[in-house]
Amino acid sequence: MDPLIPLTVAVPLLAAALLAAFSPFVTRRVIELSSIAVAAAVTAMCLLLLSGASEAPLVYWFGGHMPRDGLALGIAFVVDPLGAALAAFAGVLVTATLVYSWRYFDAVGVLFHSLLLIFLAGIIGLAISGDLFNIFVFLELLSVAAFALTGYKIEETGPLQGALNFGVTNTVGAFFVLWGIALLYGRTGALNLAQMGETLAGGPVDSLVVTAIALLATGFFIKAAIVPFHFWLADTYATAPLPVCILLGGVVSELGLFAFARVYWTVFDGALASSHEELRILLLAAGALTAVVGAVMSFAQRHLQRMLAFSVIAHAGLLLVGLGLMSPAGLAGAAVYLLAGGLVKASLFMCLGILQHRLGGVDELRLHGRARHMIFTGTLFLVGGLVLAGIPPAGTYAGKALLEEEANLLGLSWVTPLFVLVSCLTGGAVLRAAGKVFMGWGPPPGHSGGEEDAQVGQETTVERDRTPAVMFVPALVLLTAAIIIPFVPGLLGGSEAAAVAFADRPAYAGSVLLGTRHPITEARAHEWTVPTELIAGAASVIGAVALAAFTLRRAPLPQKALGKARTGAERVVGGLTKLHSRHIGDYTAWLTMGAALLGGALAAALL
Amino acid sequence: MTSRGRRGLFLTGAAGLALLLLWGTAGLPDFGDYQHLYGLTLNAESVAATRATNAVAAVTFDYRGFDTLGEEFILFAAVLGTALLLRAQREEEEEPPEDMAPDRRPPHDSDAVRELCLGLVAPIFLFGVYIVVHGHLSPGGGFQGGVVLATAPLLMYIGGEYRGLRTVTPEAPLELVKGAGTGGYVLIGLSGLWFGTSFLDNALPRGNAGDVISSGTILALNLAVGMAVAGGLVLLLTEFLEQTLVLRSRSRK
Amino acid sequence: MSYLPFAVAVYLFLIGLWGIVISRNLIHLVVCLSVVQSSTYIVLLAVGYRAGGTAPIFLDVPVGRRAVDPIVQALTLTDVVVGVTVSALLLALAVQVHKRSGTLDPELLTSSRD
Amino acid sequence: MDATAILQAFVLLLVAATATGVILTRDPLAQAITVSFFGLLLAIAFLAFQAPDVALSAIAVGAVALPLMILLALAKIRGGAE
């Protein structure tokens, strides 16, 4: 068996423990350099695993407890290409974040670095674990690290409250997952995903199976911020330290969706194979709702960090639409979109960090025209907005094109317009901000809007006149990566092959429980440059630019006009804004309602 | 949302969720009707295979020892996180607490309480060690024993010996204990990779079931967890304590 | 009896959530969260219970004696640790929230955000 | 119903009742005491479920560590409010 597999988790964990233990004896620079080195090494290990797993999934049993007569006794890691790719992607982001935040966290010494490495180990474990309870453990591991990191700015109420709402809602989510595990264990007597799936596939679809998938979906959707479980995300991401947001916005929200996809395709797909059609409607509806709410809210924000936070929600919605297509091609498109979208969001958060560093704030009105001299960052931000809108041939476009083509094949013609709409709004918001902040377009800010600031906490008025290279270069690298994804040889075709393997439950069960080898065959790469997709891509970009231009000319930001609520759109935004009350009781009530609705809908769809 | 609206929304949702959960649990086997091969197999073979008479310990540290590795690091991350979150108080307010003065004791304690607490420290410490090292034999183990161990220095605090607490449990050695425990878990796992077949595989002699020195890595991992939990918990509680002490000394000024 | 443990677990889950919804104090809220969590202990252990079984500890009883499932107990142990660590973190956050805003009431925190 | 089942039912109902009490205790200081009692009852319930390992951790955590952390947090907050 390949010893590399456990090392991907053991190395960052051991490094985190060693860093914490030896921090009093080494200098700051040693800590920074060694944590970057460890993260880079782990990334390289994940890439090696990715290439090793591209022929057939690799299975690793901890403690040498191999399954006996198909009965799993221990815990297995099952490395498939999609999981390994996610792990490697997380490694890249963590490495970039460590470089980017060189000297950012002055006060905390080793704590930030240790927590970040633990966080990385958590993501990798989640990505390649083949055991449901083990997935829960890693989800909690990375969540606990994230709770602490988001509350880093303890001198302001906003981040603390955001971290608290994050902690409470996500912990409740973890309990939903545990309940689902308990129900499934009661039915199958197993925790190994493959074995659970085998047992369920031979049994009935009854109240227990429906409830179990509803509870697991609720738990994972809370982590993924699917409407109406999304409220915590805007509070948290809008206030957390920007280096932490790079990771949160780049990869963390998507982990909930990944976990859901993994569990669905290994555990439930056999039992629910005849209900694909009904499940598809349900997931697509949830995804579309999430995407639209996130996109509308994103466009309505003037605080740039909050704008990107809602953009993260919108992207989670689009990803859920991709999963909801319930097909390997949908999965492949979602995977490409996850990668490209994650990279561009991380890069945009990095740009915000640069603005914060240089100008002491990230408020669109306050910064009006103040960043004119920051040509490079401005260019990066502008291109980031275009990539976010899905400009051909960037990776975001390729991912969406794959999804749109698959949706059209399935006869779901509304998916393409939905994607165009969401891209226009999220991309348009960023472009508008770029116009204001970096170009000074649009009318200068008046006196209004001061009362909106409080949500953000105080912003300092420090101005610095240089952008450190450690901040700029990672942002540039990540954005470039997001653009060139479609041109990486074998990436698009490989992702389709990987998705086929990901969704092949019997093959997964065979390789885990019986040790049979299921080669991953080269799949036909979907066309992603067909005219309809290109038109949709062009429409997204033109729409985003037009929307940005329109708001820049017409001047008042949507938020400013809220009080008057003149138009229907403004009323909708106002209503939505009111729902995001930051009250943890409200959020808990919403998530209870969401769980009940999800359960009811699943019961109606599956029985 | 108004308080009434929030409660209405919750109660509606909760009614649905309650129905869902009751309906779902109705699909479980009857309470007490356990038939699963996983548990039956481990109960039948774990003693012979691991030489640990406590099957729960065999599961926690052998069959599913990897879960426990994650669990240790959850605790570790929480200790780091608490230190991160409560840090500023210490930077801002750290001043020599008056409790540190040689002839000072917090006013609330009597000598009887003090002596009782201090008298309990040694027995509790021994009890904690006992629970840790018998984890593979009888109920208990690294986690439970570690919590008991952590209460020993806290008794010193209640007994008024804050000074004693600081001398017995200064931060650097605690960090070392916690780090050694947590890192030790990974290292024991790696030893399995080095000497055995795989990560967390047993690489030590198993001994005879029922002996204190038996069960190989299960005992070793219990010790590691005991150290990690005891060190971690004391650190965690002192994070809260430091502030309390500083404040108490301030209010007396 | 065959259903009571599950019903109690469902009750704990919901009453804990209700506590979170009505809570006017973040520390109270963290405790309510731990009540929600206790429901997961009960349901896990109930699922692994075997009528007439002893504890899965074979020091004084011979191997082969009817015993309850050891796996859910290991899971519950992990669950307990997760619970206490999350509580510690959330309490630390609550302490800081109070220090910055002077209140622990979610209602006041929401309305007095400036 | 045999004696075990009656004991289990009794303890479970007590747990449920105490949980209600914990939720309805609005004062955190008083709640630290009720939650400690709740932890003890949970431990007894775990013993009735033949889970002594879990019962021990429930006592360690539920009846000692968690109430202690609550008290310390409260001490800090009350101290700050003075």
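Being a predicted model, the structure only gives us computed values, none of them experimental.

Engineer: Whenever I open this one, the packing of aromatic side chains confuses me. Can you help?
Structural biologist: The geometry of two aromatic rings is summed up by the distance between their centres and the angle between their planes. Applying the stated rule across the entire model yields 31 aromatic pairs over all chains. Between Phe62 of chain A and Phe199 of chain B, the ring centres sit 5.9 Å apart and the planes meet at 80°, which makes this aromatic pair edge-to-face. Here Phe199 of chain B lies in the loop between helix 9 (171-195) and helix 10 (217-251) and Phe62 of chain A lies in the loop between strand 1 (58-61) and strand 2 (76-79), a pairing that spans two chains. The pair Phe62 of chain A / Phe199 of chain B is uniform in exposure class, with both members buried.

Engineer: Would you mind going over the interface of chain B and chain A with me for this structure?
Structural biologist: How big an interface is tends to be stated in terms of accessible area lost as the parts join. The partner chain A presents 74 residues to the 58 residues of chain B that form the contact. At the boundary of chain B and chain A, one finds three salt bridges. In this structure, Glu45 of chain B engages Arg68 of chain A in a salt bridge whose closest nitrogen and oxygen atoms are separated by 2.5 Å. Where chain B touches chain A, the interface holds 18 residue pairs in polar contact (both at pLDDT 80 or more). Secondary-structure elements contributing two or more residues to the side of chain B that touches chain A are helix 1 (3-25), helix 2 (37-50), helix 3 (55-63), helix 4 (65-85), helix 5 (87-93) and helix 9 of chain B. Sort the elements by how many residues they give to the side of chain B that touches chain A and helix 4 of chain B lands first, with 15 residues. Of the residues contributing to the side of chain B that touches chain A, the split by class is 34 nonpolar, 15 polar and nine charged.

Engineer: Can you walk me through the interface of chain C and chain A in this structure?
Structural biologist: Contact with chain C, which involves 38 residues of that partner, is made by 37 residues of chain A. Of the roughly 3400 Å² buried at the junction of chain C and chain A (both faces included), carbon and sulfur atoms supply 81%. Our count for the contact surface shared by chain C and chain A stands at zero salt bridges. Along the contact surface separating chain C from chain A lie four residue pairs in polar contact (both at pLDDT 80 or more). For the side of chain C that touches chain A, the secondary-structure elements that each account for two or more residues are helix 1 (4-22), helix 2 (26-47), helix 3 (70-101) and helix 4 (106-111) of chain C. Looking at the side of chain C that touches chain A, the element that brings in the most residues is helix 3 of chain C, giving 15 residues. Taken together, the residues that form the side of chain C that touches chain A break down as 25 nonpolar, seven polar and six charged.

Engineer: Quick question: what am I supposed to make of the confidence of the model for chain D here?
Structural biologist: As a note on interpretation, predicted positions should not be read in detail where pLDDT is low. Overall, the prediction assigns chain D a mean pLDDT of 89, with 94% of residues at 70 or greater. Within chain D, helix 3 (residues 52-81) of chain D has the poorest average pLDDT of any element, 85, and helix 1 (residues 3-24) of chain D the best, 94.

Engineer: Hey, could you run me through the layout of surface pockets in this one?
Structural biologist: Residue and element names in this part refer to chain A. What the largest pocket holds in volume is close to 1200 Å³. Surrounding the largest pocket, 45 residues form its lining, Leu50, Ala85, Leu86, Leu339 and Leu491 being those nearest its centre. For the lining of the largest pocket, the elements supplying multiple residues, two or more each, are helix 2 (28-53), helix 3 (81-100), helix 10 (242-268), helix 12 (304-324), helix 13 (328-359), helix 17 (469-484) and helix 18 (491-502). Ranked by residue count, the leading element in the lining of the largest pocket is helix 3, at 10 residues.

Engineer: Explain the confidence of the model for chain A here, please?
Structural biologist: Looking at chain A, pLDDT values average 89 and 92% of them are 70 or higher. Note on residues 447-459 of chain A: pLDDT under 50 across the span, and 23 contacts to partners over four residues away in sequence or across chains.

Cut-off values and rules
Residues numbered from 1 in each chain as written. Chains lettered and ligands numbered in written order. Predicted model: local features only at pLDDT ≥ 70, side-chain atom pairs only at ≥ 80, totals over all residues. Heavy atoms only, no water. Phe/Tyr/Trp six-rings, centres within 6.5 Å; stacked < 30°, edge-to-face > 60°. Helix = DSSP H or I, 4+ residues; strand = E, 2+ residues; numbered from the N terminus. Buried < 20%, exposed > 50% of the residue type's maximum accessible area, 1.4 Å probe, protein only. Contact = heavy atoms within 4.5 Å. Salt bridge = Lys/Arg side-chain N within 4 Å of Asp/Glu carboxyl O. Polar contact = N/O pair within 3.5 Å; in protein donor to acceptor, adjacent residues only side chain to side chain. Nonpolar A, V, L, I, M, F, W, Y, C, P; charged D, E, K, R; others polar. Buried area = accessible area lost by both parts, 1.4 Å probe. pLDDT = per-residue confidence, 0-100. 1 Å grid on protein atoms, 1.4 Å probe; cavity = no way out; pocket = protein on both sides within 12 Å on 5 of 7 lines; lining within 4 Å. Points joined across faces, edges and corners; volume = space filled by probe spheres on them.

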